[in-house]
Amino acid sequence: MRRSVIETIIGAVVLIVAGLFLYFTYTSGYQRVDGYDVKAKFNRVDGLALGGEVRLSGIKVGRVVAMQLDPATYLAVIHLSIDRSVKLPIDTLAKITSDGLLGNNYVALEPGGDDKLIADGGEITATQDPVNLVDLVGRFIFGSTGSSKQPPVNQPQSQPQNTPPAGQSQPSTTQPTTP
C-alpha cells in the first residue's frame, strides 16, 4: 500500500510539471501577434518554421503564421502577421536569415523609401532566399581553384607521346642488324 501512494504522488508531480510546460509554451512561444496579414513568395524557405519571428532592425515585429506551396509557380508562399503599429513601404525587402551558424531562421524586413504602404492582405514582392550553408561549403571545397590535376570530365585525356592512338600499331624502334 505504501508503494502505491508514492507512485501516485510521483505521477501527479509529473502531470503538474507537464502542465506547466504546456502553459509556458502556449503563453510565451506561440502567442499570435495582433496585426495585419502580409504575404511573401520565396524560391525556398529552408529552416523557417511556423511561429518563426519577423524582425525589423533586429526587433520582433511579427510572426510567420502560414506557409504553403503555390501550385502554379512552385514558389513557397509565407503569410506574416505584422504588428499594426509597424507600417511597411511597398518596396520593403523580406529575406530569410539566421541568428548565427546554428541559430533559428527568421524573416528580416528591410523597409524601402516609397511613400505607399503595404495594405492588409498585401504582398512583399522583393524577397531573398536563405543562404544554404551546405552549398557554400561544397562550393568552397570542390570549387574550381585551377589547381586540380585531373582533367575535366567531358574532355578527353591527352595521349602520352610514346603510345599510339587506338587502332594503330606502333612502329618498330629496333635497328636492323647487319651480318
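Here the residue index of a chain counts from 1 through its sequence in written order. Two thresholds apply to this predicted model, a pLDDT of at least 70 for residue-level local features and 80 or more for giving and counting side-chain atom pairs, whereas whole-chain, interface and lining totals are computed over all residues. Processing note: side-chain calculations cover all non-hydrogen atoms of the structure and skip hydrogens and water entirely.

## Brief notes about the overall build of the protein chain
Inference 1: Only DSSP runs of H or I reaching four residues or more are called helices, and only runs of E reaching two or more are called strands; each is numbered from the N terminus. Along its length, the protein chain carries 2 helices and 8 strands.
Inference 2: Of all 179 residues assigned to the protein chain, the portion counted as buried reaches 23%.
Inference 3: Residues count as neighbours in contact if any of their non-hydrogen atoms are within 4.5 Å of one another. In the protein chain, the share of contacts with a sequence separation of at least 24, taken over all contacts with a separation of at least 6, comes to 62%.
Inference 4: Of the roughly 13700 Å² of accessible surface on the protein chain, a fraction of 57% belongs to carbon and sulfur atoms. Accessibility here uses a 1.4 Å probe with only protein chains present; expressed as a share of the type maximum, an area under 20% marks a residue as buried, one over 50% as exposed, and anything in between as partly exposed. Note on areas: these come from Shrake-Rupley sampling with a 1.4 Å probe, and a residue is covered only by the protein chains present in the view.

## Quick word on unusual backbone geometry
Inference 1: With phi around 55°, S57 is a residue other than glycine that occupies positive phi space.
Inference 2: Although it is not a glycine, Y74 sits at a positive phi angle of roughly 60°.
Inference 3: In this structure, Y74 sits in the loop between β3 (59-69) and β4 (76-83).
Inference 4: On the basis of relative accessibility, which here comes to 61%, the residue Y74 falls in the exposed class.

## Some remarks on the sheet that holds strand β6 (residues 105-110)
Inference 1: Taken in spatial order, the 8 strands make up an open sheet running β7-β1-β4-β3-β2-β6-β5-β8, and their pairing is mixed. In the strand order of this sheet, the two ends are held by β7 (122-124) and β8 (126-128), each with one partner. Neighbour-to-neighbour, the strand axes of this sheet turn through a mean angle of 30°, independent of strand direction.
Inference 2: Note: two strands are recorded as paired if DSSP finds a minimum of 2 bridges between them. Inspection of the sheet shows strand β5 (residues 93-98) paired to β6 by 6 bridges, in the antiparallel sense. Bridge pairing in β6 links I96 to V107. In this analysis an axis means a line fitted to C-alpha atoms, helices contributing only their contacting stretch, and an angle means the value between N-to-C directions, from 0 to 180 degrees.

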